[in-house]
Amino acid sequence: MALGGFANRVARVNLTDRSVTYEGINEDDARKYIGARGLGVKYLLDNGPEVDPLSADNMLALVNGPLTGTEVTMSGRLAFVTKSPLTGTVTDSHMGGWSAARLRWAGFDAILITGKASSPVYLEVENGEVEIKDAAHLWGTGIHDTVKHFRSGSGNSTDVSVMSIGQAGENGVLFASFLNEDDRAAGRGGTGAVAGSKNLKCVVVRGTRDGRWRPEQGEAREKFRAAQGQHLKLIMDSPVTAPSSPSERGNLASDLKEGSGALSAYGTNVLMNAVNAVGALGTKNSQLTQTDADAAEAVSGERVRHGGLLVEEPTCHACPVACKKEVEITEGPHAGLKMESFEYEPAWSLGANCGNDDPGVIAKVIDQCNDYGMDAIEIGNAISMYMEASERGYVDTPLDWGDGAGMVRVAEEIAIGSTSIGRNLGLGPAKAAAVWGHPEISMTVKGQAVPAYDPRGIKGEGLGYATSNRGACHLRGYTPASELLGIPVKTDPLDWDGKGPLLKIFQDLHAFSDSLDLCKFSAFAVGAPEYAALYETVVGLPMSEEDVMVAGERIYNLERYYNNLAGFDGSHDSLPERFLTEPATGPAEGHVCELDQMKEQYYDARGWDDGVVGDGKLRELEIVS
């Protein structure tokens, strides 16, 4: 039977010989790996896990899920899947906005890119066709001007998406990113560096809602409406995701209605004060676990909404939450800057992590990342590591904590590669610290920098960072949902016992939702039963709550299998020594992260032998026959 939700069209692009071929979705793979993240990893595995990430042989896969571009709430995500030049692992990085929906409406489930063009090119995608076109005139151009070039050439049509790299990707910054016209990023893992190594500047997609999947009339339509109705109701009723009313968005003269969702009201940066309050906000390159309360408040979501910074709250395809917060800086050297979006992770990495409490500096560097095309989490960690190296006398050209002008200057040096410091930091904090002979000041796992939750104050995240298949990551299995918010059950953030089995559940559930591809924030309101119902009514295959968890487990093990074949094992499921031996400050004072104990429970729950998926588990999950 034909699978619902899929366009059943995949483009294979070889940039070396400038060829494009087309094929349908492999239904057996789609049944097992769902789509987006899972299916993308399967394409990567088939391409070979031993490729050099920056070689012509590496694949850059843009993959949609079966729900992408449908009426399903929060179905606006697109997975960029590749072998990461930053970590050497498989990585998937997901982009919001409208690009995913437009790619689906243009007639594609996936675009699989290999090879290397002899000169800069871009891809034009429309009506089920992909063309390779010259981009020499765009090379060296920032992402914002690249977007303007294509949008203005299309009469500023809202049916056009431009997913581009900037100078950072062109110059080989290992944490370079793709961004689209909404400043939504495929941020982590160096997807932009892979594109740059292939001389690929951007992917331009033209697609209208005419290409949207719709269920057949009659019973199928009614079942879909029921599943989508329940999904939407739970999102609208959740204290986290419930939208504030349209009349209140951007209207700072009125208070939010009681009961409006925190994510809608304040964006992801609603977490700044909350995480600082429990003593899990890494400060000065995680030498401390709490910053001054006033410093946290100064760059928080509450400050953005109520402090005269918020100007607009755009949203992604099929999403009522509107968590994005566009700000305008009104004072200081960056007055007049408008940028999107003042998110929690970069506000932390460029804020407390760098000893900085100036929202203007944070906004400026995020805007630089959006234009040059860089991961704003990674760059904040790179700069904070440089600041600690300066404090300890490890470098000849120091940068002081909280030096805002210096942070802006260094961000440009990294993107352009104009100084030895910039070129070194462009390797990522792990490699840069090693060059300086002090790897211990790099707060990284498998080469990727940690996000905004200190593992000494939120211990499940420590295990999550260590066992993430794409390097340090909070989104593989978001245990703070339980440890901070009590979703689905409340656990103690300072208790390590039981976090192994808990993390496995989160990782498996998120692997499934990332493969649908739904926004991660949906999991604050819905879970496996709702995901199963949506899948079944769109794709047309039976799906139970248990099936959801098995599919998620299969996808997580597929990624681990890829990494095992690429040379990774349990020794790489580690954390920086600082988190294991240097006690926390603040409310978590005296705590360290008990990683070994949690790993033992986790591996037992996974059925792995020292981080390696055994043949029995591979056969059990039908990854191999």
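Everything below is about the structure shown above.
Residues numbered from 1 in each chain as written. Predicted model: local features only at pLDDT ≥ 70, side-chain atom pairs only at ≥ 80, totals over all residues. Heavy atoms only, no water.

### Here we look at the pairing of strand 2 (residues 19–23)
Reasoning step 1: Taken together, the five bridges between strand 1 (residues 10–14) and strand 2 define a ladder with antiparallel strand orientation. Bridge pairing in strand 2 links valine 13 to valine 20. (Pairing = 2+ DSSP bridges. Helix = DSSP H or I, 4+ residues; strand = E, 2+ residues; numbered from the N terminus.)

### Points about the nonpolar core
Reasoning step 1: In terms of nonpolar packing, the biggest core is built from 147 residues, with Phe342, Tyr344, Met374, Ile379, Ile383, Leu425 and Phe512 touching the most fellow members.
Reasoning step 2: Examining the composition of this core, we find that eight residues originate from one element, helix 14 (residues 376–391), more than from any other.
Reasoning step 3: Counting 29 residues, the second largest nonpolar core, distinct from the first, contains Ala11, Ala100, Ile111 and Leu200. (Core = buried A, V, L, I, M, F, W, Y, C linked by side-chain atoms within 4.5 Å. Buried < 20%, exposed > 50% of the residue type's maximum accessible area, 1.4 Å probe, protein only.)

### Focus: the pattern of salt bridges
Side chains bearing opposite charge may pair, as long as their charged atoms lie close to each other.
Reasoning step 1: Scanning the entire structure with this criterion turns up 41 salt bridges.
Reasoning step 2: Across the salt bridge formed by arginine 9 and glutamate 129, the nearest N and O atoms sit 3.6 Å from each other. With a gap of 120 residues between them, arginine 9 in the segment before strand 1 and glutamate 129 in strand 8 (residues 129–134) connect regions that are remote in the sequence.
Reasoning step 3: Note on glutamate 129: relative accessible area 42%, which makes it partly exposed.
Reasoning step 4: Note that aspartate 28 and lysine 32 form a salt bridge whose closest N and O atoms lie 3.8 Å from each other. Of this pair, aspartate 28 and lysine 32 both sit in helix 1 (residues 27–33), four residues apart, roughly one helical turn. (Salt bridge = Lys/Arg side-chain N within 4 Å of Asp/Glu carboxyl O.)

### A word on the pairing of strand 12 (residues 200–206)
Reasoning step 1: Counting buried residues in strand 12 gives seven out of seven residues, a clear majority hidden from the surface.
Reasoning step 2: Bridging between strand 9 (residues 160–164) and strand 12 involves five bridges; their strand directions are antiparallel. When the bridges of strand 12 are listed, valine 160 appears paired with arginine 206.

### Overview of the packing of aromatic side chains
Reasoning step 1: Within this structure, the stated rule accounts for 13 aromatic pairs.
Reasoning step 2: Judged by centre distance (5.8 Å) and plane angle (80 degrees), the rings of tryptophan 213 and phenylalanine 224 are edge-to-face. Here phenylalanine 224 lies in helix 7 (residues 219–237) and tryptophan 213 lies in the loop between strand 12 and helix 7, a separation of 11 residues in the sequence.
Reasoning step 3: Exposure remark for phenylalanine 224: the relative accessible area of 1% places this residue in the buried category.
Reasoning step 4: Aromatic ring contacts, followed pair by pair, group Tyr344, Tyr453, Tyr478, Phe521 and Phe524 into a single cluster.
Reasoning step 5: Above the plane of the ring of tyrosine 22 lies arginine 9, whose end atom (NZ or CZ) is 4.0 Å from the centre. (Phe/Tyr/Trp six-rings, centres within 6.5 Å; stacked < 30°, edge-to-face > 60°. Lys NZ or Arg CZ within 6 Å of the ring centre and 35° of its normal.)

### A closer look at the side chain of threonine 283
Reasoning step 1: Here threonine 283 shows up in the loop between helix 9 (271–277) and helix 10 (293–298).
Reasoning step 2: A residue is classified by how much of its surface remains accessible, and threonine 283, at 5% relative accessible area, is buried.
Reasoning step 3: Here threonine 283 is in contact with Leu288, Gln290, Thr291, Ala352 and Asn353, once residues within four sequence places are set aside. (Contact = heavy atoms within 4.5 Å.)

### Here's the deal with the packing of helix 4 (residues 143–153) against helix 13 (residues 359–372)
Reasoning step 1: With their axes 6 Å apart at the nearest point, helix 4 and helix 13 run at an angle of 50 degrees to one another. Between helix 4 and helix 13, the angle falls in the class oblique. Contact residues: Ile143, His144 and Asp145 in helix 4; Asp367, Asn370, Asp371 and Tyr372 in helix 13. (Axes fitted to C-alpha atoms, helices over the stretch in contact; angles between N-to-C directions. Parallel < 35°, antiparallel > 145°, perpendicular 65-115°, else oblique.)

### Considering the sheet that holds strand 13 (residues 310–312)
Reasoning step 1: Strand order in the open sheet made by the three strands is 13-14-15, with antiparallel pairing throughout. Of all the strands in the sheet, just strand 13 and strand 15 (338–340) have a single pairing partner and so form its edges. Ignoring strand direction, the axes of neighbouring strands in this sheet form an average angle of 35 degrees.
Reasoning step 2: Relative to strand 14 (residues 326–328), strand 13 runs antiparallel, the two being bridged by two bridges. Pairing of leucine 310 across the sheet is with valine 327, part of strand 14.
Reasoning step 3: Against the sheet, helix 13 engages strand 14 and strand 15, with an angle of about 65 degrees to strand 15.

### Brief notes about a negative patch on the surface
Reasoning step 1: A contiguous patch of negative charge, built from Asp292, Asp294, Glu297, Glu331, Asp357 and Asp358, is present on the exposed surface.
Reasoning step 2: Within the element layout of this structure, aspartate 357 appears in the loop between helix 12 (344–349) and helix 13.
Reasoning step 3: Exposure remark for aspartate 357: the relative accessible area of 42% places this residue in the partly exposed category. (Patch = residues over 30% accessible without salt bridge, like charges linked within 9 Å, V, L, I, M, F, W, Y side chains within 5 Å. Areas by Shrake-Rupley, 256 points an atom, 1.4 Å probe, with all protein chains shown as cover. Lys, Arg positive; Asp, Glu negative; His and termini not counted. Charge placed at Lys NZ, Arg CZ, Asp CG, Glu CD.)

### A closer look at the environment of tyrosine 394
Reasoning step 1: Tracing the chain through its elements places tyrosine 394 in the loop between helix 14 and helix 15 (404–416).
Reasoning step 2: Separated by 116 residues in the primary sequence, tyrosine 394 and histidine 510 place their C-alpha atoms 40 Å from one another.
Reasoning step 3: Leave out the neighbours within four places in its chain, and tyrosine 394 touches Ala389, His438, Glu440 and Ile441.

### Quick notes on helix 13
Reasoning step 1: Spanning 14 residues, helix 13 covers 20 Å between terminal C-alpha atoms, matching the ideal 20 Å at 1.5 Å per step.
Reasoning step 2: Of all 14 residues that make up helix 13, 12 are buried, and the element is covered over most of its length.
Reasoning step 3: Burial in helix 13 covers these residues: Pro359, Gly360, Val361, Ile362, Ala363, Val365, Ile366, Asp367, Gln368, Cys369, Asn370 and Tyr372.
Reasoning step 4: Measuring from the side-chain oxygen of the N-cap residue of helix 13 to the backbone nitrogen of glycine 360 gives 2.8 Å; that N-cap residue is aspartate 358. (Expected span 1.5 Å × (residues − 1). Polar contact = N/O pair within 3.5 Å; in protein donor to acceptor, adjacent residues only side chain to side chain.)

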